[in-house]
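Each chain, letter by letter, is given below.
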Amino acid sequence: FTEMPTDNFVESSFWNFDALFQPQQHPARDQHDTFFLQDPAEAPELPAGYTAKVKKVHSQGGYGSQGYKYDWRLEEARKNLLRTHTTSASARALYRLARQEKFSPVKYFSIDRVFRNESLDATHLAEFHQVEGVVADRGLTLGHLMGTLRQFFNQLGITQLRFKPAYNPYTEPSMEVFSYHEG
Amino acid sequence: DEEFNELCFEFGLELDEITSEKDIISKEKGEEKAKGASDTVLYKIDVPANRYDLLCLEGLVRGLQVFKERINLPSYEKIIPPEGEGQRLIITGETVHVRPHAVAAVLRNITFTKERYDSFIDLQEKLHQNICRRRALVAIGTHDLDTISGPFTFTAKPPSEIKFKPLNQSQEYTASQIMDLYRTDSHLRHYLHLIENKPLYPVIYDSNGVVLSMPPIINGDHTKISVKTRNVFIECTGTDITKAKIVLDIIVTMFSEYCEKPFSVEAAEVVYPNGKTHIYPELAYRKEKVKPELINKKIGISETPSSLAKLLTRMCLKSHVIGNGNNIEIEIPPTRADIIHACDIVEDAAIAYGYNNIQMTIPKTYTIANQLPLNKLTELLRVDLAAAGFTEALTFALCSQEDIADKLGMDISATKAVRIANPKTAEFQVARTTLLPGLLKTIAANRKMPLPLKLFEISDVVVKDPNTDVGARNYRHFCAVYYNKSPGFEIIHGLLDRVMQLLEVPPSEENGYTIKATEGSAFFPGRCAEIFAKGQSIGKLGVLHPDVITKFELTMPCSALEINIEPFV
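Cut-offs and rules
Residue indices follow the written sequence of each chain, beginning from 1 at its first position. Numbering of ligands from 1 and lettering of chains from A proceed in the order in which they are written. Totals for whole chains, interfaces and linings use every residue, but because this is a predicted model, local features are given only for residues with pLDDT of at least 70 and side-chain atom pairs only at 80 or more, for both listing and counting. Based on all heavy atoms of the structure, the side-chain values leave hydrogens and waters out of the count. UniProt positions are given in the numbering used here, feature names are shortened, and annotations may be inferred rather than shown by experiment. Two distance rules govern patches: like charges are joined within 9 Å, and nonpolar side chains (Val, Leu, Ile, Met, Phe, Trp, Tyr) within 5 Å, applied only to residues with over 30% relative accessible area and no salt bridge. Accessible surface area values rest on a Shrake-Rupley calculation with a 1.4 Å probe, where residue burial reflects the displayed protein chains alone. The salt bridge criterion pairs a side-chain nitrogen of Lys or Arg with a carboxyl oxygen of Asp or Glu, the two atoms within 4 Å. For helices the rule is a DSSP run of H or I covering at least 4 residues; for strands it is a run of E covering at least 2, with both sets numbered from the N terminus onward. The convention used is that axes are lines fitted to C-alpha atoms, helices contributing only their stretch in contact, and that angles between N-to-C directions extend from 0 to 180 degrees. Note on angle classes: values under 35 degrees are labelled roughly parallel, values over 145 roughly antiparallel, values of 65 to 115 roughly perpendicular, and the remainder oblique. Contact between two residues is taken to exist if any of their heavy atoms lie within 4.5 Å; hydrogens are not considered. Side-chain classes are defined by residue name, with Ala, Val, Leu, Ile, Met, Phe, Trp, Tyr, Cys and Pro counting as nonpolar, Asp, Glu, Lys and Arg as charged, and the others, Gly among them, as polar. For the purposes of this description, domain bounds are those given by an automatic or database domain assignment. Between any two strands, at least two bridges found by DSSP are needed for them to pair. When two parts are brought into contact, each loses some accessible area as probed by a 1.4 Å sphere; the total of that loss over both is the buried area. Any N or O atom pair separated by 3.5 Å or less is treated as a polar contact, with the protein-specific requirement of one donor-capable and one acceptor-capable atom, and with residues adjacent in sequence counted only for side-chain atom pairs. Whether two aromatic rings pair depends on their centres lying within 6.5 Å, for rings of Phe, Tyr and Trp, where Trp uses its six-membered ring; planes under 30 degrees apart make the pair stacked, over 60 edge-to-face, and the rest tilted. Remark: exposure states derive from per-residue accessible area (1.4 Å probe, protein chains only) relative to the maximum for the residue type, with buried under 20%, exposed over 50%, and partly exposed in between. The criterion for a charge sitting over a ring is simple: Lys NZ or Arg CZ within 6 Å of the ring centre, and within 35 degrees of the ring normal.

Chain B carries the name Phenylalanine--tRNA ligase beta subunit in an unreviewed UniProt entry, which gives Smutsornis africanus as its organism. Entered under Subcellular location (unreviewed entry) in the UniProt record, the comment concerning chain B runs "Cytoplasm". Chain B has a UniProt comment under Sequence similarities (unreviewed entry) that states "Belongs to the phenylalanyl-tRNA synthetase beta subunit family. Type 2 subfamily."

Chain A has the name phenylalanine--tRNA ligase in an unreviewed UniProt entry, where Smutsornis africanus is given as its organism.

**Some remarks on a nonpolar patch on the surface**
Judged by side-chain polarity, A:Ile111, A:Val131, A:Phe152 and A:Leu156 come together as a nonpolar surface patch covering roughly 390 Å² of accessible area. With respect to the helices and strands, A:Ile111 occurs in strand β5 (residues 106–115).

**Overview of the packing of helix α9 (residues 305–314) of chain B against helix α10 (residues 342–353) of chain B**
Residue and element names in this part refer to chain B. Where α9 contacts α10, the axes come no closer than 8 Å and their chain directions differ by 95°. With respect to α10, the element α9 is oriented roughly perpendicular. For the pair formed by α9 and α10, the contact residues are Leu-311, Leu-312 and Arg-314 on the first element and Ile-345, Asp-348, Ala-349, Ala-352 and Tyr-353 on the second. For the contact of α9 with α10, the per-class residue count stands at six nonpolar, no polar and two charged.

**Considering the domain arrangement of chain B**
In terms of domains, chain B is made up of domain 1 (1–46), domain 2 (77–179 + 188–280), domain 3 (286–357) and domain 4 (373–568). Here domain 1 of chain B and domain 2 of chain B have C-alpha centroids that lie 33 Å from each other.

**Focus on the sheet that holds β5(A)**
Residues and elements named next belong to chain A. Across the sheet, which stays open at both edges, the three strands sit in the order β1-β5-β6 with mixed pairing between neighbours. If you trace the sheet from one side to the other, it starts and ends with β1 (2–3) and β6 (127–136), each paired once. Bridge analysis of β5 against β6 gives ten bridges, and the strand direction is antiparallel. Across the sheet, residue Lys-107 finds its bridge partner in β6, namely Val-135. Each of β5 and β6 touches helix α4 (residues 87–98); the most contacted strand, β6, lies at about 30° to it.

**A closer look at the domain arrangement of chain A**
Residue and element names in this part refer to chain A. We note that the domain assignment places domain 1 (2–138) and domain 2 (140–182) within chain A. Centre-to-centre separation of domain 1 and domain 2, based on C-alpha positions: 22 Å. Opposite the twelve residues of domain 1 that make contact, domain 2 presents four residues. Overall, the association of domain 1 and domain 2 removes approximately 630 Å² of surface from exposure, summing both partners, and the carbon and sulfur fraction of that is 65%. For the pair domain 1 and domain 2, the interface holds zero salt bridges. One can count one residue pair in polar contact (both at pLDDT 80 or more) joining domain 1 with domain 2. When residues in the side of domain 1 that touches domain 2 are grouped by element, the largest group, three residues, is from β6. By residue class, the composition of the side of domain 1 that touches domain 2 is six nonpolar, four polar and two charged.

**Looking at the packing of aromatic side chains**
Per the counting criterion, the structure on display carries 17 aromatic pairs over all chains. Seen in terms of ring centroids, A:Trp15 and A:Tyr95 are 5.4 Å apart; in terms of plane orientation they differ by 65°. Their pairing is edge-to-face. Taken together, the positions of A:Trp15 in helix α1 (residues 13–16) and A:Tyr95 in helix α4 put the pair 80 residues apart, joining distant regions of the chain. Here the two residues A:Trp15 and A:Tyr95 agree in accessibility, since each one is buried. Through a chain of ring-to-ring contacts, the aromatic side chains of B:Phe112, B:Tyr117, B:Phe120, B:Phe255 and B:Tyr258 assemble into a single cluster. The cationic tip of B:Lys407 hangs over the ring face of B:Phe552; the distance from NZ or CZ to the ring centre is 5.0 Å. Sitting over the face of the ring of B:Tyr475, B:Arg473 holds its NZ or CZ atom 4.1 Å from the ring centroid.

The structure is reproduced here in structure tokens:
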């Protein structure tokens, strides 16, 4: 797995949410879950052609999707924030991959810091680290995903795993992984 | 209980807690107050955010029963009353600036019990919090149809002209008085701002001028429904028509179960300002065709088309095989507004199959992997710095404004720091531009440890940069501090020399590194130097100024070194 560059804590809402099909009215974009920036408040540059495509899929649908059918606003996408997940770096990496002349299968990973606007308590911090992994190839299945996750956790010494269906705006099918510890 | 937990897990729900009313009161107020409270077992279930149909008991039970193949998915029917007999909701032009959209429907001859009534009210609240985004996008109003007569008018009027008796109040108030009345109400005060400053407030009247509601704040007392109500008029007003339609569909599909003709909904007509009319609820059934190979391929299973159709039907997506077995036609009911792409259908098939029944395999992708050069350098340095006797620290990237400016004797505007708009506490006002405050705070928290304290950190700082696409960038810094009874400038200098040796940078002015004496606001005068390498200034080292040491609540001398390591990648 090749390491992705993640050296930008500051991200635009576009890469953090919109490009990942998270609707602009989603609760996670609220003031109480995300750190929005006062300065610099807006991202000066967004990829023009790609932005238009993202706008279309949110508001009208496309690529086989019904879309969310609401008015997508550019100002909302420009808002800067401290990234809430390293998936924004994955989105950038996949965008770069898509612009290559010829597709080549890739495996990416990253481990870096993310920020969530939460009150601190015994099990929650405002900053924590996330591990991210992406495999892009032809003919991948859900079974492959589960197999890769199982190998990953086995390496950490966790062997008893169960997968549960979950919901994520940008992954479908989605799952949460539960592990059981003896004792 | 175990069985139910299993069922929830498979279906994709999380059984959060098994408790009872007695337990809840016990935990919050103590056992004394809990005496006499109900012992009936309560399940707290976490429902995914996109499944509006599982937010009430009716929908949840229905979904689970179809999943277990105990019942067939009901077919929801829209009954259009004969010409002139149906209810009409007329929208006037004034609403366009405050709350332009509205949809309506009728539940005819419904039978409520206490539980059903509570569930009905509960669902409305849950939808308000969830898809309606706290009533901002859509507000729901339900009314006893027998207390009013149509046609109904949805219009907007100045607050002084609206006067009615709000729900559960004993007298009439004007709209402005209502705003004041509910300003301290713990529940309703959060919604006042949605219309408060508009010149016109939305209001719905019946043909006799009786106020049904003033959305999104409160309904009128006149039309309130009770356990005895037989006919319900439902209206949803809002700023997002798609969501209003979904909300209406959910309410009527869930509770039409209790109508005299189960699962039937009486349609109502909405008349727009331009004269056009529309029948609601839409109760749209959508048909999608998906190839069985696609489903099998995406999941990694190989089921026959007919067994795939059966799996989908269990998930409330009625399906059957068509066209000599090489295609599946799926009917998406109005309760599943979350199905917006073929991949949603694939997910449901996988859930019905059971995620944990899927065979786990490894992708056959061959790739040559690389570590990111900057991270590789960081990892190598970390090991050697630890070997040099320094302990690594991991500190917060967010700090207060004073930490990076005032406490270091600098002005905040000179730091080019990224500032946060909505910090919860003063500790998270800005993103750090230097690693030094973090390390000094770490020492302050570890004063009781034996001296000397030697700490380092290699991590990112954030600075504003107009040349990047977002307006800011990270720099990888390395910072080390030495805290002891004597400042130890020679130790910090020695550490710098060691790091340069590891980076294979010779101590020469032309093609290596060099240090020049300078003044720094955080440093002791005459004990500060700037480090130059690769043609640029990469940082400073020196003995910290006593003011800095005191501001961070420390008492001993301290020397520090901070450089940017990116030029060495």
